[in-house]
Each structure stands twice: as structure tokens, then as C-alpha cells.
Amino acid sequence: MYSSSKINYKNLALSVILALAILLPLRKGLSNIFIFLSEKLLFIPQNYSNYVETIQSKKLKLLLRVRKLSALQEENEKLKKALNFNADKAVNIKGVEIVAFDPSNWRRVVIVNAGENDGLKKGLYAIDESGFLVGKIVETRKNYSRLMLIDDPDFNIPVFVGETAFGLLRGSLEGIKVIYVENKDDVRVNDKVWCKISFFSFPVYIGEVRRLKRERNNLFLDIDVRLLSTNPYLHKIFIIH
Amino acid sequence: MLKERDLKIIYILFFLFLLDLTKPFNYIFITEFSFIGIVFLCLNYPFRFSFILSVIVGYFYDCISFKTTPPHFIEFPIILIIIRYVLLRFHAKVKKFIFSGMVIAHIIFNATFGSVFSFLYFLTFFIHSYLVFVVLSYIFKKWEKTFPLEYI
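So, here is what we can say about the structure in this document. (Residues numbered from 1 in each chain as written. Chains lettered and ligands numbered in written order. Predicted model: local features only at pLDDT ≥ 70, side-chain atom pairs only at ≥ 80, totals over all residues. Heavy atoms only, no water.)

1. Section: the overall build of chain A
Along its length, chain A carries three helices and 12 strands. Buried positions account for 45% of the 241 residues belonging to chain A. Restricting the contact set of chain A to residue pairs at least 6 apart, pairs at least 24 apart contribute 57%. With the model as given, the accessible surface of chain A reaches about 13800 Å², and the carbon-plus-sulfur share is 55%. (Helix = DSSP H or I, 4+ residues; strand = E, 2+ residues; numbered from the N terminus. Buried < 20%, exposed > 50% of the residue type's maximum accessible area, 1.4 Å probe, protein only. Contact = heavy atoms within 4.5 Å. Areas by Shrake-Rupley, 256 points an atom, 1.4 Å probe, with all protein chains shown as cover.)

Okay, here's the thing in C-alpha cells:
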């Protein structure tokens with residue numbers, strides 16, 4: 001039977017200090033080793049992976065082009081000065097794969113296999129194969145980046161709800177919410193939740209209003225969102241840059 | 001020199017860490033496998049061995065994690081010290097209660113520092129963690145034949 005013995009606190013403290021002095025400088029190197037190992041565990045043949053990525057990128061570009069044209073047509077019909085806007089910049093899409101997850105279950109952060117060497121930087125948005133928003137880059141290194149998913153508690157993005165309402169989408173482990181939408185705004189269930197990314201002149205959809213609660217004494221609506229991205233944990237996502 | 005029993009727990013901790021890293025079940029399992037492995041280690045192994053392993057696993061955990069507060073290489077040894085203190089004062093048969101207490105403490109730590117307050121999520125985390133702990137204990141018992149006398 002296992003029985004306990006007394007703790008020698010002095011030796012314990014000395015051991016901790018020694019361990020910290022040796023291990024702390026090695027963190028970055030060990031982090032790279034783990035990500036490398038995790039990437040190798042995926043077992044995806046490189047040629048096939050590249051081919052699939054090319055096809056998916058083309059499909060996604062076509063889909064985004066169709067949406068762009070629809071949004072432009074709608075804008076032209078509504079506004080008198082619809083043509084007085086700057087020319088669109090060329091959109092670049094980088095297909096990436098999720099190689100590892102943040103081991104903590106209190107965060108929704110993934111590690112993708114592209115970094116500064118691929119032209120990525122902090123603040124870029126990620127979409128899935130259907131063009132729906134998935135997350136945002138929060139940290140980049142040379143060969144990999146950390147992507148914060150929409151349902152991370154620290155994820156925030158200003159969004160539009162329906163036609164005119166404007167609020168802040170906040171990620172949460174128990175469900176996505178849009179806050180600061182005024183009570184007088186015309187919002188209904190199943191209205192689309194969308195955002196504008198600086199490179200695009202058309203909306204990037206995030207979700208739909210799942211539940212809506214109006215209270216007389218509250219300035220703002222209580223809105224729950226159902227994400228349109230059906231499986232954000234797919235291995236393939238696309239970074240817009 | 002490592003004994004066979006020590007190697008088994010190292011393999012298990014490594015496997016649990018890989019489960020947390022690759023998440024083959026996506027986020028269906030709302031639990032942290034490495035944390036469960038560390039508590040299991042602290043409940044069943046001597047202090048010095050558990051301390052070294054908990055610092056190492058916590059350190060590797062922090063290498064991959066994004067902005068963890070508190071850092072796990074401090075949290076896991078603290079868990080070990082608390083478990084040891086409780087085991088000194090109570091009979092070893094209260095292991096399941098100790099595990100439950102540690103899960104609740106872990107939930108409180110992460111909820112406080114991560115600003116996550118959802119009773120349903122906490123309850124799900126507790127239930128999933130407890131189930132995984134029970135399965136892990138059962139599998140380990142089956143795998144291990146006898147308790148070595150060297151640890152008395």
C-alpha cells in the first residue's frame with residue numbers, strides 16, 4: 001500500500017529553481033518540435049494535398065466572386081452613387097491546415113501550418129470552404145500561426161445583423177452572442193449575421209440569429225447566433241490576405 | 001532507474017497529451033486529458049516521481065498553449081502538493097473525492113482567469129472528466145498486475 005512521507009521543502013524549492021533555470025529557455029524549441037510531430041501525424045500525401053488545396057481555392061474564389069456580384073447588384077439598385085467607390089483590391093487566399101489544437105479546453109485556438117514566411121500576419125481573417133468566417137490570426141511565427149476560432153471567449157468582431165442593425169459578436173464556450181444591438185432595431189430570428197472585411201466590398205457571413213430576446217427595461221437585445229460554418233474544426237481553412 | 005510501472009504512466013501521460021494536442025474527437029469531450037492524467041499520477045505514485053513528471057507535463061503544456069494563466073507548470077505541482085496533504089490526513093479510499101475536488105478547483109481557476117462563467121459548461125466538464133478518470137483507472141488496473149513493494 002502506498003503511504004506518504006514528509007516533504008523536504010528546502011530540497012523541493014531548490015529543485016524547482018534548478019528546473020526552471022534549465023527548462024524556461026527551451027520553451028520555443030520544444031514548441032516547434034511538438035508542432036512538427038503533430039503535423040507529421042496527419043499522414044496526408046503532399047501531392048494530393050496540394051491538388052485538393054488548388055481545387056478548393058479555385059472553387060472558393062468563384063463562390064466569393066458570385067457573392068461579390070450579387071452584393072454589387074443589390075448596392076446599385078439601392079444607392080444613387082453606387083459606382084462612386086474604389087476599385088477592389090485583388091484577393092489572395094492561402095489554404096492552410098490545422099496541425100494542432102490548444103491543449104486547454106478553455107480556449108478555442110488552433111495552430112495552422114503557415115506563418116510569416118507565407119505572408120500571414122496578425123489580424124487576418126480565416127474562412128472555410130463555403131466562404132463563412134471561421135476565425136482570426138492572433139499570433140504568427142515563421143512557419144506556423146495561431147488561429148483563434150469564433151467560439152473562443154476572447155473573440156470579438158463588429159458585425160451587422162440583418163439589414164441595418166449593428167453590434168459586437170462575442171465568442172463564448174456556451175454559444176455565440178451579439179451584444180450592443182439596440183432594442184429599437186428591426187431584428188428577427190433567422191436574420192443573417194455578417195461582417196465587412198477591408199479587402200472585400202461584400203459581406204462575409206458568420207451565422208444566423210437563433211434566438212432573440214427583447215426586454216422592455218433593457219437598452220439592448222439579447223441575441224444568440226447559430227454559426228453557418230458547419231464544422232470549423234475541418235483540417236482545411238483559408239486565410240484572406 | 002525507471003521501473004516498469006513508472007514507464008507505463010509515462011506512456012499514458014504522453015498519450016493523453018497527444019489526445020489534447022490533436023483532439024481526434026474535436027471538442028465533443030469537454031475535458032483536459034493531461035490534467036486527468038496528472039491527478040491520476042499524483043494519487044497513485046510517490047511524491048518525487050510525480051513532482052518531476054507534473055512539472056515536465058505542465059511545461060510542455062505551456063509550450064503549446066496560447067496565453068495560459070496560471071501557467072500549468074506551476075498549477076500541476078500545486079495540485080500534487082494539495083493531494084499529498086489530503087492523503088496524509090485522510091484514508092486513501094477518498095481518491096475519487098480528491099479527484100472531484102481537484103476538478104472543481106481547476107474549473108474555478110480557469111473560469112476566474114479566462115472569464116468563462118457557464119454552469120452548464122462547468123457541469124459538463126466535471127462529468128466528462130470524472131468519466132474519463134474512471135475509465136483510465138479501470139484500464140490502468142487491468143494493465144498493471146501488482147502494486148510494487150518499493151513504494152512503501
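2. Concerning the sheet that holds strand E3 (residues 125–127) of chain A
Pairing between the strands of a sheet comes from backbone hydrogen bonds, and it takes one of two forms, parallel or antiparallel. Residues and elements named next belong to chain A. A barrel is described by the order of its strands in space; here six strands give the closed sequence E1-E2-E5-E4-E3-E12, paired in antiparallel fashion. Between one strand axis and the next, the sheet turns by 45° as a mean value, whatever way the strands run. Here strand E2 (residues 109–112) runs beside strand E5 (residues 145–149); their pairing, made up of four bridges, is antiparallel. Bridging across to E5, Val 112 finds its partner in Ser 145. (Pairing = 2+ DSSP bridges. Axes fitted to C-alpha atoms, helices over the stretch in contact; angles between N-to-C directions.)

3. Some remarks on the pairing of strand E1 (residues 93–101) of chain A
Residues and elements named next belong to chain A. The element E1 is largely enclosed, with a buried count of eight among its nine residues. Note that E1 and strand E12 (residues 236–240) share five bridges and pair antiparallel. Paired with Val 96 across the strands is Ile 237, a residue of E12. Of the pairings in the sheet, the one linking E1 to E2 comprises three bridges and is antiparallel in character. Residue Ile 98 lies in a different strand from E2, and its bridge partner there is Val 112.

4. Focus: the sheet that holds strand E11 (residues 222–227) of chain A
Residues and elements named next belong to chain A. In space, the six strands of this closed barrel follow the order E6-E7-E8-E11-E10-E9, with antiparallel pairing throughout. Put simply, the sheet's adjacent strands are angled 45° from each other on average, direction ignored. Direction of pairing for strand E7 (residues 165–170) relative to strand E8 (residues 176–179): antiparallel, over a ladder of three bridges. When the sheet's bridge partners are listed, Leu 169 is paired in E8 with Val 178.

5. A word on the pattern of salt bridges
Residue and element names in this part refer to chain A. Applying the stated criterion to the full structure yields 13 salt bridges over all chains. Among the salt bridges present, the one from Glu 208 reaches Lys 192, with a minimum N-O distance of 3.0 Å. Taken together, the residues span a long stretch of sequence, with Glu 208 in strand E10 (residues 204–213) and Lys 192 in strand E9 (residues 192–195) at a distance of 16 residues. Given a relative accessible area of 33%, Lys 192 falls into the partly exposed group. (Salt bridge = Lys/Arg side-chain N within 4 Å of Asp/Glu carboxyl O.)

6. Some remarks on unusual backbone geometry
Residues and elements named next belong to chain B. Here the phi dihedral of Lys 23 falls at roughly 45°; this positive angle occurs in a residue that is not glycine. With respect to the secondary-structure elements, Lys 23 resides in the loop between helix H1 (4–22) and helix H2 (33–44). Even without being a glycine, Asn 26 presents a positive backbone phi close to 50°. Summarising the element assignment, Asn 26 is placed in the loop between H1 and H2. Owing to a relative accessible area of 26%, Asn 26 belongs among the partly exposed residues under this scheme.

7. Remarks on the interface of chain B and chain A
Much of the literature gives interface size as the accessible area that the parts lose upon coming together. Opposite the 45 residues of chain B that make contact, chain A presents 39 residues. Carbon and sulfur atoms supply 67% of the area that chain B and chain A bury against each other, a total of about 4100 Å² over both sides. On the chain B side of the contact with chain A, Tyr27(B), Tyr59(B) and Phe66(B) bury the most area, a combined 21% of that side's loss. Summed over the shared surface of chain B and chain A, the result is zero salt bridges. Taken together, the links from chain B to chain A amount to 11 residue pairs in polar contact (both at pLDDT 80 or more). Secondary-structure elements contributing two or more residues to the side of chain B that touches chain A are H1, helix H3 (47–64), helix H4 (72–89), helix H5 (95–114) and helix H6 (119–143) of chain B. Here the side of chain B that touches chain A takes nine residues from H3(B), the largest share from any one element. Here the side of chain B that touches chain A is composed, by residue class, of 31 nonpolar, eight polar and six charged. (Buried area = accessible area lost by both parts, 1.4 Å probe. Polar contact = N/O pair within 3.5 Å; in protein donor to acceptor, adjacent residues only side chain to side chain. Nonpolar A, V, L, I, M, F, W, Y, C, P; charged D, E, K, R; others polar.)

All we've got here are geometric facts, nothing functional implied.
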